[in-house]
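Each chain is listed here by its residues.
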Amino acid sequence: MLHHTLNFLGIGILSAVLAVAAIICTALRIDKDPAVDGPRALISEFIGLWLAFTCLAWSFMIAGPANLQWALRGLAVGAALIAFTFAAYFAGTTEVRIRLDEEPSGFDNPTTSLKLDLDQPPAPLPSGSDTQLQSAPGLNSTTQ
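Residues numbered from 1 in each chain as written. Predicted model: local features only at pLDDT ≥ 70, side-chain atom pairs only at ≥ 80, totals over all residues. Heavy atoms only, no water.

Which residues make up the overall build of the protein chain, and what are the values?
Along the backbone of the protein chain there are four helices and zero strands. Secondary structure of the protein chain in N-to-C order comes out as α-α-α-α. Residues classed as buried in the protein chain amount to 19% of the 144 residues present. The long-range share in the protein chain, meaning contacts at least 24 apart out of those at least 6 apart in sequence, stands at 62%. Counting only carbon and sulfur atoms, one obtains 68% of the accessible surface of the protein chain, whose full area is about 11300 Å². (Helix = DSSP H or I, 4+ residues; strand = E, 2+ residues; numbered from the N terminus. Buried < 20%, exposed > 50% of the residue type's maximum accessible area, 1.4 Å probe, protein only. Contact = heavy atoms within 4.5 Å. Areas by Shrake-Rupley, 256 points an atom, 1.4 Å probe, with all protein chains shown as cover.)

Listed below in structure tokens is the structure:
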């Protein structure tokens, strides 16, 4: 019984790793962060691919009839197609605002992007910044 439980856990972990690897490979291929499409698209793609890889791995590990193995492989293909369909559908939906004065809650901007406001000129440095550096302890003790 322990062998079957470990086999099931191994299939689940392996298929989760393969699902994440498939999402990352697609993101690298199209050079786009998958989080830009929104959390719902990313979650649906992960769950669908996890189910697809689980059914595919299970179809090769069971010692049942050939019809059951091919049915599981067909279920894997169907789950992958449904996952990509839902991911594409959720990627096209707009995020709703929690309150009217807030920005949408989705991942519209990548987290690594800098938000530069080019309309405003840069703020000038304070005039006493040179004297503050000279009076810092241990930097320049001869000027004090």
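So what's going on with the environment of Lys32? Which residues, and what values?
Residue placement: Lys32 occurs in the loop between α1 (2-30) and α2 (39-61). What Lys32 contacts, discounting residues up to four positions off in sequence, is Ala27 and Asp37.

Requested: an account of the nonpolar core, with residues and values cited.
Core analysis: the biggest nonpolar cluster contains six residues, these being Ala19, Ile23, Leu49, Ala52, Ala79 and Ala80. Residue assignment for this core shows that the elements contributing at least two residues are α1, α2 and α3 (66-92). Dropping the residues within four chain positions of it, Ala19 is found in contact with Phe46, Leu49, Trp50 and Phe53. (Core = buried A, V, L, I, M, F, W, Y, C linked by side-chain atoms within 4.5 Å.)

Could you give an account of the packing of aromatic side chains, naming the residues involved and the relevant values?
Following the criterion strictly, the structure yields two aromatic pairs and no others. Ring geometry for Tyr89 versus Phe90: centroids 5.4 Å apart, planes at 55°, classification tilted. Residue class for Tyr89 comes out exposed when judged on its relative accessible area of 54%. Through successive ring pairs, a cluster of aromatic residues spans Phe86, Tyr89 and Phe90. In this structure, Arg73 packs its charged tip against the face of Phe60, placed 4.2 Å from the ring centre. Geometry around Trp70 places Arg73 over its ring, the cationic atom sitting 4.6 Å from the centre. (Phe/Tyr/Trp six-rings, centres within 6.5 Å; stacked < 30°, edge-to-face > 60°. Lys NZ or Arg CZ within 6 Å of the ring centre and 35° of its normal.)

Got a sec to walk through the packing of α1 against α2? Specific residues and values, please.
Look at α1 against α2: their axes get within 8 Å of each other, and the N-to-C directions meet at 135°. The pairing of α1 with α2 is recorded here as oblique in orientation. Crossing of α1 over α2 shows right-handed handedness. For the pair formed by α1 and α2, the contact residues are Asn7, Ile11, Gly12, Ser15, Ala16, Leu18, Ala19, Val20, Ala22 and Ile23 on the first element and Leu42, Glu45, Phe46, Leu49, Trp50, Phe53, Thr54, Ala57, Trp58 and Met61 on the second. For the contact of α1 with α2, the class distribution of residues is 15 nonpolar, four polar and one charged. (Axes fitted to C-alpha atoms, helices over the stretch in contact; angles between N-to-C directions. Parallel < 35°, antiparallel > 145°, perpendicular 65-115°, else oblique. Left-handed = near helix turned anticlockwise from the far one by under 90°. Nonpolar A, V, L, I, M, F, W, Y, C, P; charged D, E, K, R; others polar.)

Before we move on, can you summarise the packing of α2 against α3 with the specific residues and values?
The relative placement of two packed helices is expressed as an angle between their axes plus a distance between the axes. Put simply, α2 and α3 touch, their axes get as near as 8 Å, and they point 170° apart. Classified by the angle their axes make, α2 and α3 are roughly antiparallel.

Can you explain the side chain of Arg73? Please cite residues and give values.
Positionally, Arg73 belongs in helix α3. At 22 Å, Glu45 is the nearest oppositely charged side chain to Arg73, a buried residue that forms no salt bridge. A polar contact of 3.2 Å, which involves the side chain of Arg73, links it to the side chain of Ser59. In this structure Arg73 touches Leu56, Ser59 and Phe60, once residues within four positions along its chain are discounted. (Lys, Arg positive; Asp, Glu negative; His and termini not counted. Salt bridge = Lys/Arg side-chain N within 4 Å of Asp/Glu carboxyl O. Polar contact = N/O pair within 3.5 Å; in protein donor to acceptor, adjacent residues only side chain to side chain.)

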